[in-house]
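The primary structure of each chain is shown beneath.
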Amino acid sequence: MKYSKREIVEMANEAGVRFIRLQFTDTLGILKNVAIPVSQLEKALNGELMFDGSSIAGFVGVEESDMYLVPDLDTFNIFPWRPAVGAVARLICDVHNPDGTPFQGCPRNNLKRVLKEAAQLGYTMNVGPEVEFFLFLLDEQGRPTAKSHDEATYFDLAPTDHGEDARRDIVMTLEDMGFEVEASHHEVAPGQHEIDFKYDDALKIADAIMTFKLVVHSIAQRHGLHASFMPKPLYGVAGSGMHTHQSLFADKKNVFYAPEKENGLSDTALHYMGGILRHARAICAITNPTVNSYKRLVPGFEAPVYMAWSEANRSCLVRVPAKRGVSTRIEVRNPDPSCNPYLALAVLLKAGLDGVVNRIAPPDPVNRNIYAMSEVERQELGITSLPSNLAEALEDLSKDKVVREAIGEHIYEKFVTVKRDEWQRYQQFVHPWELNEYLSAF
Amino acid sequence: MPRIKVMVGDSADTSRRNLKDILGRLGYQVVADATSVPDLLRKTRMILPNLVVLDTNLTGGNALEAARIVEEDDLSSVLLLVSSLDHPEIRDFHYCLKPFSEGSLIAMIDAALLYRKRVRALRKELNKVREALDSRKVVEKAKGILMRLLDTDEEQAYRLMQKQSMNRGIPMKDIANAIILAHEVGRDKDILKGE
């Protein structure tokens, strides 16, 4: 363990912390905060603080509303911004039932459960995400727009890129918070950015993704911009993905690496991939959980559409980057940043482990551009597609026992109820596209 | 003396125009004006004016929060124009209560600029002291390591590091860090034996 309770109290005092945010993530991947004054810190560290769980979407019913927040001491961090008015610190928490047992509906508890299953097989999961997002302008009323800063020529001074400036600030803030940022760059689309973090164990990375989103939103706002992790905010331009690099380690060694094999990939790596590919359609419901997610998964734009793997081309669901040795890994390309990272990593790991345990062989790699193939060619190669919308994905999820087990029945029930409703609302709405298409035509 | 670059933030068209006129007449260079909080934040970061004169009527977000961000990120001095002191947070900033005379506006602007100049000077000094203290800490630590390893006294250990520093043209602090790192790597060797 990194910190003891006493050390945390000392650090908080030294930094002049006035408030502590106790953070947890709801079913839909939204970060929730309970802010407490520093005088309550010791009580919080002992896991004695309660909150009303019935106020959180998809958590519990009113009859079981008093839930405990049990902080993970290693996640103590002081936010680098707003130093003038007394610093703010945070602790990421697990949600526990009144009787002290871990609450099944808490996505972080759930990921820990799946990680434990992996540990029983002797594996730890390492993850390195690449998160994309857009920086848009806020309008005069402070509302987000879908206009990006760099196309807006509202000012005839030097063409400074607001986004570059904001991104540099974001990276610096992340580094201040102990992140190791591997790369950060401007993406394909105007106003789009990508930040990649160094790989770490799955729980730390899921926490890091939540922190990352918070930092990006906060810093963007300080720059008069709005950060959006919406998967496909603009038609006709690339969407935002969250490519998820994964590997399994056993005894601190990467078990995806097999130097004796021609391609350097172990059977474990192939089977893991086999598991991901077999369960991919159900996985999508969790890793691509919004109506909008499926507008990103279309041909072109380097987003995956087909269930295949490759060592080279980026039209496949799974790509195996060229690096070997300790860096041997697979890159799953469909997840997008609207997902709940705790649930996403849980389903990816569980599907991969199902492949490893049941020795599911993946199909042969496809090293051609699948976008350019005809449907007949794809059929001959046995390449099928990802779900084309949220309803299809939810349908596949309902039939996939392994992926359902990965999130547990409690979360599954809550998740599916909310998501079916989301789909229905979308279905029933009359969209601007329809008016454009039909209003004058008929 | 170079002209002082001022940015104006005000959501009401008439008062923004008036404010720009007054500031221009008083000899300030009004380099830009912002009509909302996001607009103000974007332009301030781009232009880095010497002073932001900000009416708390600014819409599109919290005007005081915007003022705080400009100050925290050290982008510019801030002077608030306020109609009342109802909000206690206003007193965290330089402010001017409306209506004001041109004379008092000049005085407030001078005070805000002077304040930032002094804070910056102090901050620079503080950083220097901090750096010296950090350097002292690692040098002390490295000295301790050398004393134990080479069985020398404090003065000799210091002298050894000083010599390395002079011969190689590397600051003492870097020499000290290198010694600490080498020492830590040496300790890790024992971990390897365990594998």
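Bear in mind that the values here come from a model prediction, so they are computed numbers and not experimental data.

S.K.: Requested: an account of the overall build of chain A, with residues and values cited.
M.R.: What chain A contains, in helices and strands, is twelve helices and 17 strands. In terms of overall dimensions, chain A is globule-like: its C-alpha atoms have a radius of gyration of 22 Å, near the 22 Å expected for 442 residues. A principal-axis box enclosing the C-alpha atoms of chain A has dimensions of 65 × 60 × 45 Å. Counting only residues that meet the buried cut, chain A has 54% of its 442 residues in that class. By sequence separation, contacts in chain A at least 24 residues apart represent 70% of the contacts at least 6 residues apart.

S.K.: Can you lay out the pattern of salt bridges for me, pointing to particular residues and giving the numbers?
M.R.: In the structure shown here, the tally under the stated rule is 41 salt bridges over all chains. Taking the shortest distance from any N to any O, the salt bridge between A:Asp139 and A:Arg143 comes out at 3.3 Å. With a closest N to O distance of 3.9 Å, B:Arg45 and A:Asp169 form a salt bridge. With B:Arg45 in helix H2 (residues 37-47) and A:Asp169 in helix H4 (residues 162-176), this pair bridges two chains.

S.K.: So, the sheet that holds strand S1 (residues 5-9) of chain B: which residues are in play, and what are the values?
M.R.: Residue and element names in this part refer to chain B. Ordered by their spatial adjacency, five strands build an open sheet running S2-S1-S3-S4-S5, and the pairing between neighbours is parallel. With one partner strand each, in any of the chains shown, strand S2 (29-34) and strand S5 (94-97) form the two edges of the open sheet. Taken pair by pair, the neighbouring strands of this sheet meet at an average axis angle of 25°, ignoring direction. Pairing of S1 with strand S3 (residues 51-55), which is carried by four bridges, proceeds in the parallel orientation. The residue of S3 that forms the bridge with Gly 9 is Leu 54. Here helix H1 (residues 13-25) sits on the sheet in contact with S1, S2, S3 and strand S4 (77-82), set at roughly 165° to S2. Its contacts with the sheet place H2 against S1, S2 and S3, and it is angled at close to 145° to S2.

S.K.: Residues and numbers for the domain arrangement of chain B, please.
M.R.: The assigned domain composition of chain B is domain 1 (5-100) and domain 2 (128-193). For domain 1 of chain B and domain 2 of chain B, the distance between their C-alpha centroids amounts to 50 Å.

S.K.: Let's hear about the environment of A:Ser4: which residues, and what values?
M.R.: In this fold, A:Ser4 is placed in the segment before helix H1 (5-14). A C-alpha to C-alpha distance of 31 Å links A:Ser4 and A:Val326, two positions 322 residues apart in sequence.

S.K.: Outline the packing of aromatic side chains, listing residues and values.
M.R.: Residue and element names in this part refer to chain A. Here the structure, examined in full by the defined rule, presents 13 aromatic pairs over all chains. Residues Phe 24 and Phe 51 carry aromatic rings whose centres are separated by 4.7 Å and whose planes lie at 40° to one another, so their mutual orientation is tilted. Of this pair, Phe 24 sits in strand S1 (residues 17-25) while Phe 51 is found in strand S3 (residues 49-52), placing the two residues 27 residues apart along the sequence. Among the residues examined, Phe 24 registers a relative accessible area of 2% and is labelled buried. Take Phe 51: its relative accessible area is 8%, and that puts it in the buried class. Among the aromatic residues, those joined into a ring-pair cluster are Phe 133, Phe 179, Phe 197, Phe 212 and Phe 229. In this structure, Lys 213 packs its charged tip against the face of Phe 229, placed 5.9 Å from the ring centre.

S.K.: So what about the pairing of S2(B)? Which residues, and what values?
M.R.: Residues and elements named next belong to chain B. Sheet topology places S1 next to S2; five bridges connect them, and they run parallel. Directly across from Met 7, in S2, lies its bridge partner Ala 32. Following the chain from S1 across H1 to the adjacent parallel S2, one finds a crossover that is right-handed.

S.K.: Mind laying out the pairing of strand S2 (residues 31-37) of chain A, listing which residues take part and the relevant values?
M.R.: Residue and element names in this part refer to chain A. In terms of strand pairing, S1 meets S2 through seven bridges, oriented antiparallel. By the bridge assignment, Gln 23 is partnered in S2 with Asn 33. The turn linking S1 back onto S2 is made up of five residues, and Gly 29 within it adopts a positive phi angle of 90°.

Scoring rules and cut-offs
Residues numbered from 1 in each chain as written. Chains lettered and ligands numbered in written order. Predicted model: local features only at pLDDT ≥ 70, side-chain atom pairs only at ≥ 80, totals over all residues. Heavy atoms only, no water. Helix = DSSP H or I, 4+ residues; strand = E, 2+ residues; numbered from the N terminus. Rg over C-alpha atoms; globule rule 2.2 N^0.38 Å. Buried < 20%, exposed > 50% of the residue type's maximum accessible area, 1.4 Å probe, protein only. Contact = heavy atoms within 4.5 Å. Salt bridge = Lys/Arg side-chain N within 4 Å of Asp/Glu carboxyl O. Pairing = 2+ DSSP bridges. Axes fitted to C-alpha atoms, helices over the stretch in contact; angles between N-to-C directions. Domains from an automatic or database assignment. Phe/Tyr/Trp six-rings, centres within 6.5 Å; stacked < 30°, edge-to-face > 60°. Lys NZ or Arg CZ within 6 Å of the ring centre and 35° of its normal. Right-handed = clockwise from strand over helix to strand, strands pointing away.

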